[in-house]
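Topology and contacts: notes
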Amino acid sequence: MLVKNGVCFADGRFTRADVRLHGGKIAAVGQLEAEPGEEVQDAAGLFVLPGFVDIHIHAFGGADCMRGEADVRRMSDGLLETGVAAFVPTTMSAWPEQTYEALCGIQAVMDRPQPRGAAVLGAHMEAPFLSPKYKGAQLEACLSLPSAEAYEAMVRGLSCVRMMTLAPELPGAGPLIAYLKARGVVTCAAHSAASAAQVHAAADAGLSQITHLFNAQTPLHHREPGVPGAGLADERILVQVIADGIHLHPDVLRIAALCKGERGVALISDSMEAAGLPDGRYELGGQAVTVKDGAARLENGVLAGSTLLLHQAVQNMITLAHVPPEKVIPMATSTPADSIGAKGYGRLAPGYAGVLALMDAQWRFAGVLA
């Protein structure tokens, strides 16, 4: 397939160019002519972007990764249609056997991908090593102290785990962070009562991200910067943000972008099963969730993930937070991919994933080509 007449985002800038897709990958980018018999798609001046990469997503379109392989496959199929090239299904609080079963489902889709779906890059475990004080929508009964033994009891030799969110102040967190780093697992801080000093110490051990910045963590104070302050100040740490206009004020989104730049912010959906569906009654981790005006909340009013799609996050960063588009696009593509070592995603370049997200001049999603 040859995609003509698009405004492509490549090498950090926008340029008029064509893109050739072949065998599921990008074959060429530049001024190209159609080959005999080649399908040609006219982008008609739309922005042509690399497919998005979501490193923190629980559920989508009525499917939840905690329910197993069939739901992860449904997520893969549906997310591709929203412009997502690859994603990291994210588990939440559950008993060890339930977590293992969810990881088995994620592993199965990694090993046998959907024929035409967003790629599964691994699993992100957002529990159980979290602080009860900042549990958010996580089930407190299922939380536990971090240790390599507890981790291995859930994973049982599976190779799919790519990320782990934990509370770095908990006893045993430091050794577990080092243990996971040695095994190629990215560790993140959230659902945490940690001080800034504890976050910096965790970064010394290998922690490299803050999950959903400002949410479910100690607040930023001018004499105790807490988890978000340490994340914004420490150059070793990337921050994940939920840019739905609900979890974070647009000014806070802009502050994060100004502090960290396009290589230090990853846009995430943190979405639950109502993403892509109307307001109504849903569930997350076995808990009832009400979605009203796009905000997902437990019965006690606590936010329970989001209903955000990544293309909406891109639009919000540009139109609400007023961050330049050339700074925003990497936050949803190359930066999250690079942060977990996912090669072949997040860029318009030969050899990269052949998923193109299209957006119009108002940064509304206009379709996907793959």
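Everything below is about the structure shown above.
Residues numbered from 1 in each chain as written. Predicted model: local features only at pLDDT ≥ 70, side-chain atom pairs only at ≥ 80, totals over all residues. Heavy atoms only, no water.

**Looking at the overall build of the protein chain**
Quick reminder of the rule: Only DSSP runs of H or I with at least four residues qualify as helices, and only runs of E with at least two residues qualify as strands; both kinds are numbered from the N terminus onward. Based on C-alpha atoms, the radius of gyration is set beside the globule rule, defined as 2.2 Å times the residue count to the power 0.38. Contacts: residue pairs with any heavy atoms within 4.5 Å of one another. Only the protein chains shown count as cover for residues, and all accessible areas are computed by the Shrake-Rupley method using a 1.4 Å probe. When charges are tallied, Lys and Arg are placed among the positive residues and Asp and Glu among the negative ones, while His and the ends of the chain are skipped. To locate a charge, take NZ of a lysine, CZ of an arginine, CG of an aspartate or CD of a glutamate.
When helices and strands are tallied, the protein chain shows ten helices and 21 strands. Over its C-alpha trace the protein chain gives a radius of gyration of 20 Å, about what one expects of a compact globule, namely 21 Å for 370 residues. With respect to the principal axes defined by its C-alpha atoms, the protein chain has extents near 65 × 45 × 45 Å. In the protein chain, the proportion of contacts linking residues at least 24 apart, taken out of those at least 6 apart, comes to 69%. Roughly 14,300 Å² of accessible area belongs to the protein chain as shown, and the carbon and sulfur atoms make up 52% of that amount. Between the averaged position of the 28 positive side-chain charges in the protein chain and that of its 37 negative side-chain charges there is a distance of 3 Å.

**Description of the nonpolar core**
A general tendency of soluble globular proteins is for nonpolar side chains to be buried together. Our working rule: The definition of a nonpolar core used throughout is a set of buried Ala, Val, Leu, Ile, Met, Phe, Trp, Tyr and Cys residues joined through side-chain atoms within 4.5 Å. Throughout, exposure labels follow a simple rule: accessible area from a 1.4 Å probe, protein chains only, divided by the maximum for the residue type, with under 20% read as buried, over 50% as exposed, and the rest as partly exposed.
In terms of nonpolar packing, the biggest core is built from 94 residues, with Tyr151, Leu267 and Tyr345 touching the most fellow members. When residues no more than four places from it in sequence are discounted, the contact partners of Tyr345 are Val53, Ala85, Ala86, Ala119, Leu121, Ala337, Tyr352 and Ala353. With 14 residues, the next largest nonpolar core counts Met1, Ala10, Leu21 and Ile26 among its residues.

**Some words on the packing of aromatic side chains**
Rules: When the centres of two rings from Phe, Tyr and Trp lie within 6.5 Å, Trp using its six-membered ring, the rings pair. Their planes under 30 degrees apart give stacked, over 60 give edge-to-face, and anything left gives tilted. The rule is short: NZ of Lys or CZ of Arg within 6 Å of the ring centre and within 35 degrees of the ring normal puts a charge over the ring.
For the structure shown, the criterion picks out four aromatic pairs. Seen in terms of ring centroids, Phe47 and Trp363 are 4.2 Å apart; in terms of plane orientation they differ by 10°. Their pairing is stacked. With Phe47 in strand S5 (residues 47-50) and Trp363 in the loop between strand S20 (356-359) and strand S21 (365-369), the pair connects residues that are 316 residues apart, well separated along the chain. Take Phe47 and Trp363: they sit in the same class, and that class is buried. Among the aromatic residues, ring-to-ring pairing joins Phe9, Phe14, Phe47 and Trp363 into one connected group. Positioned above the aromatic ring of Tyr100 is the side chain of Arg156, whose terminal nitrogen or guanidinium carbon lies 4.3 Å from the ring centre.

**A closer look at the layout of surface pockets**
What counts is decided by this rule: A pocket here means an open set of points on a 1 Å grid, computed over the protein atoms alone, that has protein on both sides within 12 Å along at least five of seven lines. A cavity is instead a set of points where a 1.4 Å probe fits but cannot get out; residues with an atom within 4 Å of a point line either one. Grid points are joined across faces, edges and corners, and a volume is the space filled by probe spheres set on the points. Three classes are used: nonpolar for Ala, Val, Leu, Ile, Met, Phe, Trp, Tyr, Cys and Pro, charged for Asp, Glu, Lys and Arg, and polar for all others, with Gly counted as polar.
The computed volume of the largest pocket comes to approximately 540 Å³. Lining the largest pocket are 30 residues, and of these Glu262, Arg263, Ser334, Thr335 and Asp338 lie nearest its centre. Among the secondary structure elements, those contributing two or more residues to the lining of the largest pocket are strand S1 (2-10), helix H6 (226-233), helix H7 (250-260), helix H9 (325-332) and helix H10 (334-339). Here the residues of the lining of the largest pocket sort into eleven nonpolar, nine polar and ten charged. In this model, the second largest pocket occupies a volume close to 410 Å³. Forming the walls of the second largest pocket are 28 residues, and the residues nearest its centre are Lys135, Gly136, Ala137, Val302 and Leu303.

**Quick notes on the environment of Arg297**
Our working definition: Each polar contact in these results corresponds to two N or O atoms within 3.5 Å; when the atoms are within protein, one needs to be able to donate a hydrogen and the other to accept it, and residues that are neighboring in sequence are counted only if both atoms are side-chain atoms.
The residue Arg297 is located in strand S19 (residues 295-298) in this model. Overall, the relative accessible area of 35% leaves Arg297 in the partly exposed class. Considering only alpha carbons, one finds Arg297 and Ala127, 170 residues apart in sequence, at a separation of 19 Å. Leaving out residues up to four positions away in the same chain, Arg297 has contacts with Ala288, Val289, Thr290, Val302, Leu303 and Ala304. Side-chain polar atoms of Arg297 contact the backbone oxygen of Gly301, separated by 2.9 Å.

**Points about the packing of helix H5 (residues 196-205) against H6**
Test applied: Geometry is summarised by axes, namely lines fitted to C-alpha atoms with helices restricted to the contacting stretch, and by angles between N-to-C directions that run from 0 to 180 degrees. In what follows, roughly perpendicular refers to angles from 65 to 115 degrees, roughly parallel to angles under 35, roughly antiparallel to angles over 145, and oblique to any angle outside these ranges. Two helices cross in a left-handed way if the nearer one is turned anticlockwise from the farther one by less than a right angle. They cross in a right-handed way if the turn is clockwise.
Running from N to C, H5 and H6 cross one another at 45°; their axes reach a closest spacing of 7 Å. Taken together, the axis directions place H5 and H6 in an arrangement best described as oblique. In the packing of H5 onto H6, the handedness of the crossing is right-handed. Each of Ala196, Val199 and His200 in H5 lies in contact with H6, whose residues at this interface are Gly226, Val227 and Ala230. When grouped by side-chain class, the residues that make up the contact of H5 with H6 number four nonpolar, two polar and no charged.

**As for helix H8 (residues 310-319)**
Burial analysis of H8 places seven of its ten residues in the buried class, the great majority of the element. Looking at H8, one finds that the buried residues are Leu310, His311, Ala313, Val314, Asn316, Met317 and Ile318. On its buried face, H8 sits against strand S6 (52-57), H7, strand S16 (265-267), H9, S20 and S21.

**A closer look at the sheet that holds strand S18 (residues 287-292)**
The condition is simple: Any two strands with at least two DSSP bridges between them are considered paired.
The strand order across the open sheet built from three strands is S17-S18-S19, with neighbouring strands paired in antiparallel fashion. Each edge of the open sheet carries a strand with a single partner, namely strand S17 (280-284) and S19. Across the sheet, the mean angle from the axis of one strand to that of its neighbour is 35°, orientation sign disregarded. Both S17 and S18 contribute to a ladder of five bridges, which runs antiparallel. Residue pairing in the sheet places Glu283 in a bridge with Ala288 of S18.

**Considerations on the pattern of salt bridges**
Spelled out, the test is: Take a side-chain nitrogen of Lys or Arg and a carboxyl oxygen of Asp or Glu: if they are within 4 Å of each other, that pair is a salt bridge.
Summed over the entire model, instances satisfying the criterion amount to 18 salt bridges. Here Asp234 and Arg236 are joined by a salt bridge, their closest N and O atoms 2.8 Å apart. According to the relative accessible area criterion, Asp234 is buried, its value standing at 7%. The structure contains a network of salt bridges with shared partners spanning Arg67, Asp71, Arg74, Glu273 and Glu283.

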